[in-house]
Amino acid sequence: MNKYSKRREALLYHAKPSPGKIEVVPTKAYATQRDLSLAYSPGVAEPCLEIAKDVNNVYKYTAKGNLVAVISNGTAVLGLGDIGPEASKPVMEGKALLFKIFADIDVFDIEVDTKDVEKFIETVKNIAPTFGGINLEDIKAPESFEIERRLVEELNIPVMHDDQHGTAIISSAALLNALELAGKKIEDVKVVVSGAGSAALACANLYVLLGINPENVIMFDRKGSLSKNRTDISEMQRKYANGEKSVTLEEALVGADIFLGLSSGDVMSAEMLMQMAENPIVFAMANPIPEIDYHLAVATRKDIIMATGRSDFPNQVNNVLGFPYIFRGAIDVRASKINEEMKMAAVKALALLAKETVPEQVNIAYGETKLVFGRDYIIPKPFDPRLISVVAPAVAKAAMDSGVAANPIQDWEKYREELMERLGSDNKMVRLLANRAKTDPKRVVFAEADHLDVLKAAQIVLEEKIGTPILLGNREIILELKEELGFDADVLIIDPKTPEEDERRLRYANSFWEARRRKGTSLLDAQKWMRERNYFAAMMVNEGEADALVSGYSRSYPSVVKPMMQLIDKAPGVSRIATTNMMMTKRGPIFLSDTAINPNPTADELAKIALMTAKTVRMFGMEPVIAMVSFSNFGSSNDAGARKVAEAVAYLHKYYPDLIVDGEIQADFALNSEMLQKKFPFSKLAGNKVNTLIFPNLEAANINYKMLKELDKSVSIGPIMMGMDKPVHIFQLGASVEEMVNMAAVAVVDAQEKEKKQKSIKVNF
């Protein structure tokens with residue numbers, strides 16, 4: 001994508017369908033006049049009076065306890081510098097978004113139009129009663145230090161400047177583990193810091209609390225090393241002014257154990273790295289270009305332990321590992337501040353988490369066979385679902401132990417369960433899916449690439465490194481649309497009807513005819529069909545000239561399924577194909593089957609659909625908990641439809657006893673664990689959170705997934721084809737660009753799984 005197109009896409013993202021990235025949503029009923037009279041006058045007077053009696057009741061009757069302010073004056077915005085409060089607002093909204101999706105914390109972003117320290121502090125103090133915590137953001141140093149210090153002292157709610165402490169906390173966790181792997185004592189190591197701004201100073205200060213000797217730290221700013229004879233450095237920097245005269249970075253790195261980079265790209269050479277001590281620890285965190293290129297560094301020193309700020313290299317120091325969960329723990333116990341004990345608790349929790357067995361969901365997301373504590377895994381991954389239930393409780397407990405918690409937690413197990421429940425409201429699975437696809441991108445045929453939205457999806461798939469698109473359709477139209485989109489990447493375009501494709505069409509036709517000639521297919525029919533893009537695309541996958549295909553945007557589902565079923569074999573052992581939709585609901589991902597293929601499956605077919613769906617659920621790193629739904633509960637009706645579901649369940653219980661599946665059961669009981677436990681405690685579903693629903697017929701499944709999509713605005717991924725020998729997936733007619741990108745990612749992951757299985761078969765053979 002050219003610079004203009006990328007700029008346009010970014011602007012459209014923030015402008016449409018409504019400006020900005022956050023909104024306020026009611027949490028109480030408001031449909032009737034009674035509701036409104038409770039929400040406002042006269043009913044609202046009652047909680048007002050209770051708060052007037054005891055100010056702590058504000059946490060009981062208002063949203064204060066889950067509301068954080070992200071506050072900036074826009075003086076140090078990302079890499080943009082001093083751009084002013086209004087221009088900083090998109091960044092603050094972005095931070096608000098991260099708070100919500102990672103820790104379910106509500107946020108108001110507030111941009112303050114002053115550079116005066118006293119006025120800024122006064123403004124924040126005056127609005128503080130609204131909030132349960134304050135996250136300071138993108139305020140330039142040294143003013144940021146004074147602002148944070150004063151607000152921490154003068155307010156009775158948690159305050160943290162994440163630009164400083166976030167990086168410090170995450171990198172400190174990485175440092176503890178790196179030192180352990182390097183076999184070095186923290187009090188003995190020599191540290192070189194490239195950068196002397198707020199983040200570098202906060203890191204150095206926390207490292208000192210961990211045990212590093214400040215006299216063993218050599219820190220550099222743009223003018224060189226901080227030395228005792230310099231008069232142009234701040235009091236905070238002077239703590240690390242060691243030596244009577246300045247030295248060069250090259251000189252400082254001789255024999256150094258640790259390099260911490262928070263400056264600019266490529267300031268460290270391979271020769272400098274070679275001069276460092278044995279088992280050097282290099283945290284090169286400048287973004288997007290680290291202080292030394294990752295590939296160069298690991299090629300130069302085999303004994304290096306390296307971290308960066310980038311997601312495409314091991315050991316990403318990402319602030320999202322810290323601030324959402326630190327604030328979550330702090331506001332949940334109504335902490336009056338975020339103190340050093342709480343920060344240190346977050347450090348140690350993160351360090352310890354990296355040593356624990358990694359959930360399969362995380363391994364799958366990052367394309368790893370098994371992530372194990374070591375040089376390439378010294379801090380948890382941002383997609384690790386355990387972060388909220390590990391870091392937040394550690395911070396909360398430290399607040400309690402240090403005497404700053406006003407609302408101590410009594411039941412820790414219940415608290416951890418509540419934290420995990422908060423994860424259900426985001427679309428983390430979508431990010432996991434794309435991330436997994438990126439680990440091993442595949443060639444994906446877009447069979448309708450001469451449609452604008454399909455081409456947009458293909459462009460995103462390429463630019464996000466999810467896969468390599470192959471574009472099928474009218475070449476002239478595709479080229480025109482590419483120009484309109486600014487899609488200037490060189491990708492393969494194929495028009496199956498052109499003379500240039502005569503040889504390939506004939507080859508595909510012959511191959512298809514040989515496979516189908518005893519099933520009523522003539523060579524003439526095969527040749528005619530190969531002019532149709534879906535037949536052509538399917539043969540590309542069959543012949544190994546593409547790894548996967550997606551289609552269906554412009555045609556009805558049955559018309560696109562037909563050629564796939566004619567040309568693509570079923571997977572070994574599969575007698576009937578089916579589909580499932582993964583719905584990203586407020587309670588987390590839920591799989592619905594069969595949403596597109598089988599109108600009225602038999603009991604045997606329902607059981608097989610359940611087994612295929614279970615396999616698909618596991619492909620996404622989840623353990624299936626399957627409810628076979630009906631209008632009946634465990635024999636309450638003798639209707640043939642209900643009996644069919646019960647027979648399918650009986651089959652699964654007999655032959656697959658380890659599978660968590662039960663029914664027939666009504667959907668509300670399946671999804672309401674309290675109702676289920678109370679009424680049907682004998683069920684295999686009792687005590688488990690259902691994540692898969694198998695419907696008795698296509699009508700019920702299709703209606704339900706489309707209602708969820710429209711009424712609940714749940715993101716839908718699917719219908720995902722199950723039981724095919726090749727990765728072919730079909731959009732619903734008129735699918736959105738987002739849906740098509742997600743389906744392409746599914747196709748890539750499916751191709752990865754099938755390739756893995758083929759390799760396993762060959763090895764075993």
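Residues numbered from 1 in each chain as written. Predicted model: local features only at pLDDT ≥ 70, side-chain atom pairs only at ≥ 80, totals over all residues. Heavy atoms only, no water.

Think of an α-helix as 3.6 residues a turn; residues three or four steps apart then line up on the same face. The end-to-end C-alpha distance of helix H17 (residues 387-401), which contains 15 residues, comes to 21 Å, matching closely the 21 Å that a straight helix rising 1.5 Å per residue would cover. Of all 15 residues making up H17, eleven are buried, and the element is well covered by its neighbours. Along H17, the residues classified as buried are Leu387, Ile388, Ser389, Val391, Ala392, Pro393, Ala394, Val395, Ala396, Ala398 and Ala399. (Helix = DSSP H or I, 4+ residues; strand = E, 2+ residues; numbered from the N terminus. Expected span 1.5 Å × (residues − 1). Buried < 20%, exposed > 50% of the residue type's maximum accessible area, 1.4 Å probe, protein only.)

Our next topic: the environment of His451. Relative to the assigned elements, His451 resides in the loop between strand E11 (442-446) and helix H20 (452-463). Given the relative accessible area of 29%, His451 is considered partly exposed. It is 51 Å that separates the C-alpha atoms of His451 and Phe680, two residues lying 229 residues apart in sequence. For His451, the residues in contact, after removing those within four places along its chain, are Leu481, Tyr553 and Ser554. (Contact = heavy atoms within 4.5 Å.)

Now for the sheet that holds strand E4 (residues 159-161). Ordered by their spatial adjacency, four strands build an open sheet running E2-E1-E3-E4, and the pairing between neighbours is parallel. The two strands at the open ends of the sheet, each matched to only one other strand, are strand E2 (106-111) and E4. Shown here is a sheet whose adjacent strand axes are inclined to one another by a mean of 20°, direction ignored. Looking at chain direction, strand E3 (residues 133-136) and E4 are connected through three bridges and run parallel. (Pairing = 2+ DSSP bridges. Axes fitted to C-alpha atoms, helices over the stretch in contact; angles between N-to-C directions.)

A few words now on unusual backbone geometry. Looking along the chain, the bond that leaves Ala141 and enters Pro142 is cis, with omega of 5°. Look at the link from Gly663 to Glu664: it is a cis peptide, with omega at 0°. Positionally, Glu664 belongs in strand E18 (residues 660-665). Look at Asp266: it is not a glycine, yet its phi comes out positive at around 60°. Of note, Asp266 is situated in the loop between strand E8 (258-261) and helix H12 (270-274). Despite not being glycine, Phe634 shows a phi value in the positive range, around 45°.

Our next topic: the nonpolar core. Judged by nonpolar contacts, the single largest core of 84 residues is most densely connected at Ile212, Phe283 and Met342. Setting aside its immediate chain neighbours within four residues, Phe283 contacts Ser171, Ala174, Leu175, Ala178, Tyr207, Phe259, Leu260, Gly261, Ala307 and Ile378. With 54 residues, the next largest nonpolar core counts Val358, Ala437, Ala548 and Phe620 among its residues. (Core = buried A, V, L, I, M, F, W, Y, C linked by side-chain atoms within 4.5 Å.)

Turning next to the side chain of Ser593. When you line up the elements, Ser593 lands in strand E16 (residues 588-593). For Ser593, a relative accessible area of 0% gives the class buried. Side chain to side chain, Ser593 and Thr613 meet in a polar contact 2.9 Å long. Apart from the residues within four sequence positions on either side, Ser593 is in contact with Thr579, Thr580, Ile609, Thr613, Leu693, Ile694, Phe695, Ala701 and Met722. (Polar contact = N/O pair within 3.5 Å; in protein donor to acceptor, adjacent residues only side chain to side chain.)

This brings us to helix H7 (residues 143-154). End to end, H7 covers 16 Å across twelve residues, agreeing with the expected 16 Å (1.5 Å per residue, within 8%). Three or more residues of H7 are buried, namely Ser144, Phe145, Ile147, Glu148, Arg150, Leu151 and Val152. In this structure, the buried residues of H7 make contact with helix H6 (117-127), E3, E4, helix H8 (162-182), helix H9 (198-210) and helix H10 (235-238).

On to the side chain of Asp163, then. With respect to the element layout, Asp163 can be found in helix H8. Within the buried set, Asp163 has no salt-bridge partner at all; the shortest N-O distance to an opposite charge, 5.0 Å, is to Lys95. Polar side-chain contacts of Asp163 include one of 2.6 Å to the backbone nitrogen of Asp138. A polar atom in the side chain of Asp163 sits 3.2 Å from the side chain of His161. Dropping the residues within four chain positions of it, Asp163 is found in contact with Glu137, Asp138, Ile139 and Ala199. (Lys, Arg positive; Asp, Glu negative; His and termini not counted. Salt bridge = Lys/Arg side-chain N within 4 Å of Asp/Glu carboxyl O.)

Counted according to the given criterion, the structure contains 14 aromatic pairs. Judged by centre distance (4.9 Å) and plane angle (45°), the rings of Tyr651 and Tyr655 are tilted. Of this pair, Tyr651 and Tyr655 both sit in helix H27 (residues 640-655), four residues apart, which is roughly one turn of the helix. Look at Tyr651 and you get partly exposed, because its relative accessible area is 31%. Among the aromatic residues, those joined into a cluster by ring pairs are Phe634, Phe669, Phe680 and Phe682. Here Lys95 stacks its cationic end above the ring of Phe323, 4.2 Å away from the centre of that ring. Here the guanidinium or amino end of Lys482 rests over the ring plane of Phe487, the centre of that ring lying 4.9 Å away. (Phe/Tyr/Trp six-rings, centres within 6.5 Å; stacked < 30°, edge-to-face > 60°. Lys NZ or Arg CZ within 6 Å of the ring centre and 35° of its normal.)

Turning next to the sheet that holds strand E5 (residues 191-194). The strand order E7-E6-E5-E8-E9-E10 describes an open sheet built from six strands, whose pairing is mixed. The open sheet has two edge strands with one neighbour each: strand E7 (224-225) and strand E10 (305-308). Here E8 pairs with strand E9 (residues 281-284) via four bridges, running parallel. Its bridge partner lying in E9, Gly261 is registered against Ala284. In the packing of H8 onto the sheet, the strands contacted are E8, E9 and E10, and the crossing angle to E9 comes to about 155°. Packing against the sheet, H9 makes contact with E5, strand E6 (217-221), E8 and E9, and its axis sits at approximately 175° to E6.

Any two packed helices are characterised by how steeply their axes cross, that is the angle between the axes, and by the distance between the axes. With their axes 7 Å apart at the nearest point, helix H14 (residues 323-332) and H17 run at an angle of 50° to one another. The pairing of H14 with H17 is recorded here as oblique in orientation. Here H14 runs over H17; the crossing is right-handed. Along its contact with H14, which presents Tyr325, Ile326, Arg328, Gly329 and Ala330, the element H17 presents Leu387, Ile388, Val391, Ala392, Val395 and Ala396. Taken together, the residues of the contact of H14 with H17 sort by class into nine nonpolar, one polar and one charged. (Parallel < 35°, antiparallel > 145°, perpendicular 65-115°, else oblique. Left-handed = near helix turned anticlockwise from the far one by under 90°. Nonpolar A, V, L, I, M, F, W, Y, C, P; charged D, E, K, R; others polar.)

Moving on, we come to the pattern of salt bridges. Enumeration according to the criterion identifies 45 salt bridges in this entry. Between Glu356 and Arg386 there is a salt bridge, and its shortest N-O distance comes to 3.8 Å. Of this pair, Glu356 sits in the loop between helix H15 (340-353) and helix H16 (360-365) while Arg386 sits in the loop between H16 and H17; the two residues are 30 residues apart in sequence, bridging distant segments of the chain. The exposure class assigned to Glu356 is partly exposed, which follows from its relative accessible area of 43%. Here Glu605 ties to Arg576 by a salt bridge, and the two come within 2.9 Å at their closest N and O atoms. In this pair, Glu605 sits in helix H26 (residues 603-619) while Arg576 sits in the loop between helix H25 (557-567) and strand E15 (578-585), placing the two residues 29 residues apart along the sequence. Linked through salt bridges whose partners overlap, the residues forming this network are Glu501, Glu503, Arg504, Arg507 and Glu545.

A word on the pairing of E15. Across the eight residues that make up E15, a large majority, eight, are buried. Here six bridges tie E15 to strand E20 (residues 715-722), and the two strands are oriented antiparallel to one another. Looking at E20, one finds that Met582 is bridged to Ile717. By the bridge criterion, six bridges tie E15 to E16 in an arrangement that is antiparallel. Directly across from Met582, in E16, lies its bridge partner Phe591.

Below, the discussion takes up the packing of helix H5 (residues 85-103) against H14. At their nearest, the axes of H5 and H14 sit 9 Å apart, and the two run at 70° to each other. The angle between H5 and H14 places the two elements in the roughly perpendicular class. Along this stretch, H5 crosses H14, giving a crossing that reads as right-handed. Where H5 abuts H14, its residues Lys95, Leu98, Phe99, Phe102 and Ala103 lie against Phe323, Pro324, Tyr325, Phe327 and Arg328. Looking at the contact of H5 with H14 residue by residue, the class counts come to eight nonpolar, no polar and two charged.

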